[in-house]
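Secondary and tertiary structure notes
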Amino acid sequence: MRLLIDGQPDTSLYNEDLAPTTPAARTWSTYNYIALWFSMSMEVTTFMLASSLIAGGMNWKQAVGTILLGNLIVLIPMVLNAHAGAKYGIPFPVFVRASFGTRGANIPAILRAIVACGWFGIQSWIGGESIAAIIRVIWPSTMDNPAVVWISFLGFWALNMVVIWCGLQSIRFLQSISAPFLLVMSLLLLGFMTHKAGGLGPLLDMPSHFTSKGAGIHFFFLALTGMVGNWATLSLNIPDFTRFAKSQESQIVGQGFGLPVAMTLYSFIGIACTSASVVVFGEAIWNPVTLLGRFHQPLFAFLALISILIATLNVNIGANVVGPSNDFSNLSPRFISFRTGGLITGVLGLLVQPWKLMASHTNYIGWLVSYSGLLGPVAGIMVTDYFFLRKTKLNLEGLYQTDGIYRYSSGFNMRAIAALLAGVFAVFIGLVVPELRPLYDYAWFVGCFVSAALYLLLMRSLAEPTVSEPIGVTE
């Protein structure tokens, strides 16, 4: 891939994977972005996210409404940050150089990468559990052998590494063929569970279980933050995908339809199945792998677990490998390629010990809220810089030059760093001072707006940047 700019790029900021995409590489249509979101939404963590709302006390209407609202909210920074990828053909770690500086961009990139590594570990553990469950369906004698789970976990981890090595285009192919299959299998699971529960009536009539109105409101805002936090990582590195868009319309329409529809549909399936588990088993089972293990239907369980396996592989590669691979590559483009960055992601995903994060639904929600306090400030700064300060106009040459317009102070924009620290501090002070706990509970929102407002205030003194024309895709 050739860098389509006039200036000479600095080799410390450029390699083939970070270069702007060529017009020939702009192959992603509206369907590809719809398929991207359906394949990434129809997976186990979405099911468990929705199920955790039922386990936390909501009824189905409250849960579905919270999920829809949360995903409409996160769609805003998703589409806004996606604009630069489609217009200039640049990935997230290059795009963020405009606001944080050519060297300072490594700070948000690594924050996002570390979170993605945690997600990679979680998804790999889920995939391993699914493989282990399939093995137990075929060979029931392995039921009490703990080694099966660990061998399956490492095997699924290795499968992810193979897909990474095959490159990004293999991801598009996998998502395109799997999205319809996953939708059909999800609807079959919903039908099976509602049949076992005696129909949808008993599920839809279940009330919420909050002891007071205040408790319900508190859980709602905590859950809403979790919904937004669920896609906080991808809302930053979405340019890694939209840089391959045929047009702005392709990514806007594809995402505008795909994200809220897919998340709400599949979340309802998770909510209904969890509600059904209360009717059938007397308890809310939030993990679908565990739920399937409660039934003695080998063929159905096998097909359902295969679906879980495909869905987990899809979202793990698409949401948790592409971004951090580019982020790690950005640290040292001369020595770290996309493939090498993917391998680094895989190793760090093992070190986060995902089995601990998956121990309960409270650990899961807590994980979402915590990291959203780190990524919300980055999203606020990026959107403010690109739309409010630069009016969507970037100096493409400067993004690849150490002595260009985005050098700031030795490669660091201290205004962006100060705004980032202020946003993070505003969030996590809530963990230290009990009276300020709501700041932490609404982590993404607090961090985003605090950092955006401060960044805008600090940057107003700078002169208007020079700009360059977009590549391949027009406004």
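Just so it is clear, the structure is predicted and the values come from calculations on it, not from any experiment.

Scanning the protein from N- to C-terminus turns up 22 helices and 0 strands. For the protein, the residues scored as buried account for 59% of the 475 residues in total. Within the structure as shown, the protein displays about 17700 Å² of accessible surface, and the carbon and sulfur contribution to it stands at 68%.

Here we come to the packing of helix 3 (residues 60-88) against helix 13 (residues 248-281). Look at helix 3 against helix 13: their axes get within 9 Å of each other, and the N-to-C directions meet at 155 degrees. Viewed along their axes, helix 3 and helix 13 adopt a mutual orientation that is roughly antiparallel. Crossing of helix 3 against helix 13: the hand is right-handed. Taken together, the residues that form the contact of helix 3 with helix 13 break down as 18 nonpolar, 8 polar and 1 charged.

Moving on, we come to the packing of aromatic side chains. Scanning the model with the defined rule gives 17 aromatic pairs in all. An aromatic cluster of at least three residues, connected via ring pairs, comprises Trp-28, Tyr-33, Phe-241 and Phe-244. It is Arg-97 that lies over the ring of Tyr-400; its NZ or CZ is 5.6 Å from the centre.

The next point concerns the environment of Pro-91. Secondary-structure assignment places Pro-91 in the loop between helix 3 and helix 4 (92-95). Looking at Pro-91, the relative accessible area reads 0%, which means it is buried. Separated by 153 residues in the primary sequence, Pro-91 and Phe-244 have C-alpha atoms spaced 9.8 Å apart.

Ranked by internal contacts, the top residues of the largest apolar core, which has 108 residues, are Ile-90, Trp-231, Leu-394 and Leu-399. Broken down by element, this core gets its largest block of residues, 11 residues, from helix 3. Within the second largest apolar cluster, 10 residues are counted, among which are Phe-156, Ile-164, Leu-309 and Ile-317.

On to the environment of Gly-101. With respect to the helices, strands and loops of the structure, Gly-101 is situated in the loop between helix 5 (97-100) and helix 6 (106-138). Take Gly-101: its relative accessible area is 0%, and that puts it in the buried class. Separated by 305 residues in sequence, Gly-101 and Tyr-406 have C-alpha atoms that sit 5.1 Å apart. In contact with Gly-101, other than residues within four places in its own chain, are Val-96, Tyr-406, Tyr-408, Gly-411 and Asn-413.

Turning to the side chain of Asn-81, a few remarks are in order. Mapping Asn-81 onto the fold places it in helix 3. A relative accessible area of 0% places Asn-81 in the buried class. Engagement of the side chain of Asn-81 in a polar contact is seen with the backbone oxygen of Ser-235, the distance being 2.9 Å. Apart from the residues within four sequence positions on either side, Asn-81 is in contact with Phe-95, Ser-235, Leu-236, Ile-238, Pro-239, Met-382 and Val-383.

Within this structure, the stated rule accounts for 2 salt bridges. Between Asp-385 and Arg-390 there is a salt bridge whose closest N-O contact spans 2.8 Å. Per residue, the accessibility class of Asp-385 equals that of Arg-390, and both read buried. In this structure, the salt-bridge partner of Arg-437 is Asp-441, at a minimum N-O distance of 3.1 Å. Of this pair, Arg-437 and Asp-441 both sit in helix 21 (residues 437-441), 4 residues apart, roughly one helical turn. With relative accessibility at 3%, the residue Asp-441 sits in the buried group.

Right, let's talk about helix 2 (residues 44-55) for a bit. Helix length check: helix 2, at 12 residues, gives a terminal C-alpha distance of 16 Å against a target of 16 Å (1.5 Å per residue), a fit within 8%. Helix 2 sits mainly inside the fold: 11 of its 12 residues count as buried. Every buried residue belonging to helix 2 is among Val-44, Thr-45, Thr-46, Phe-47, Met-48, Leu-49, Ala-50, Ser-51, Ser-52, Leu-53 and Ile-54, and all of these are buried. Positive backbone phi, at 125 degrees, marks Gly-57, one or two positions downstream of helix 2.

The subject of this paragraph is helix 10 (residues 213-230). Relative to the 26 Å expected for 18 residues at 1.5 Å per residue, helix 10 spans 25 Å between its end C-alpha atoms, a close match to the ideal helical length. Residues of helix 10 that are buried: Gly-216, Phe-219, Leu-222, Ala-223, Leu-224, Thr-225, Gly-226, Met-227, Val-228, Gly-229 and Asn-230.

In this model, Thr-392 sits at a positive phi of 70 degrees, which is unusual for a non-glycine residue. Of note, Ser-410 is a non-glycine position whose phi angle comes to about 55 degrees, a positive value.

At their nearest, the axes of helix 2 and helix 13 sit 8 Å apart, and the two run at 55 degrees to each other. If you check the angle between helix 2 and helix 13, you find them oblique. Between helix 2 and helix 13 lies a crossing whose hand is right-handed. Counted together, Thr-46, Phe-47, Ala-50, Ser-51 and Ile-54 of helix 2 and Met-263, Tyr-266, Ser-267, Ile-269, Gly-270, Ile-271, Cys-273, Thr-274 and Ser-275 of helix 13 form the full contact between these two elements. The class makeup of the residues in the contact of helix 2 with helix 13 is 8 nonpolar, 6 polar and no charged.

What counts, and where the lines are drawn
Residues numbered from 1 in each chain as written. Predicted model: local features only at pLDDT ≥ 70, side-chain atom pairs only at ≥ 80, totals over all residues. Heavy atoms only, no water. Helix = DSSP H or I, 4+ residues; strand = E, 2+ residues; numbered from the N terminus. Buried < 20%, exposed > 50% of the residue type's maximum accessible area, 1.4 Å probe, protein only. Areas by Shrake-Rupley, 256 points an atom, 1.4 Å probe, with all protein chains shown as cover. Axes fitted to C-alpha atoms, helices over the stretch in contact; angles between N-to-C directions. Parallel < 35°, antiparallel > 145°, perpendicular 65-115°, else oblique. Left-handed = near helix turned anticlockwise from the far one by under 90°. Nonpolar A, V, L, I, M, F, W, Y, C, P; charged D, E, K, R; others polar. Phe/Tyr/Trp six-rings, centres within 6.5 Å; stacked < 30°, edge-to-face > 60°. Lys NZ or Arg CZ within 6 Å of the ring centre and 35° of its normal. Core = buried A, V, L, I, M, F, W, Y, C linked by side-chain atoms within 4.5 Å. Contact = heavy atoms within 4.5 Å. Polar contact = N/O pair within 3.5 Å; in protein donor to acceptor, adjacent residues only side chain to side chain. Salt bridge = Lys/Arg side-chain N within 4 Å of Asp/Glu carboxyl O. Expected span 1.5 Å × (residues − 1).

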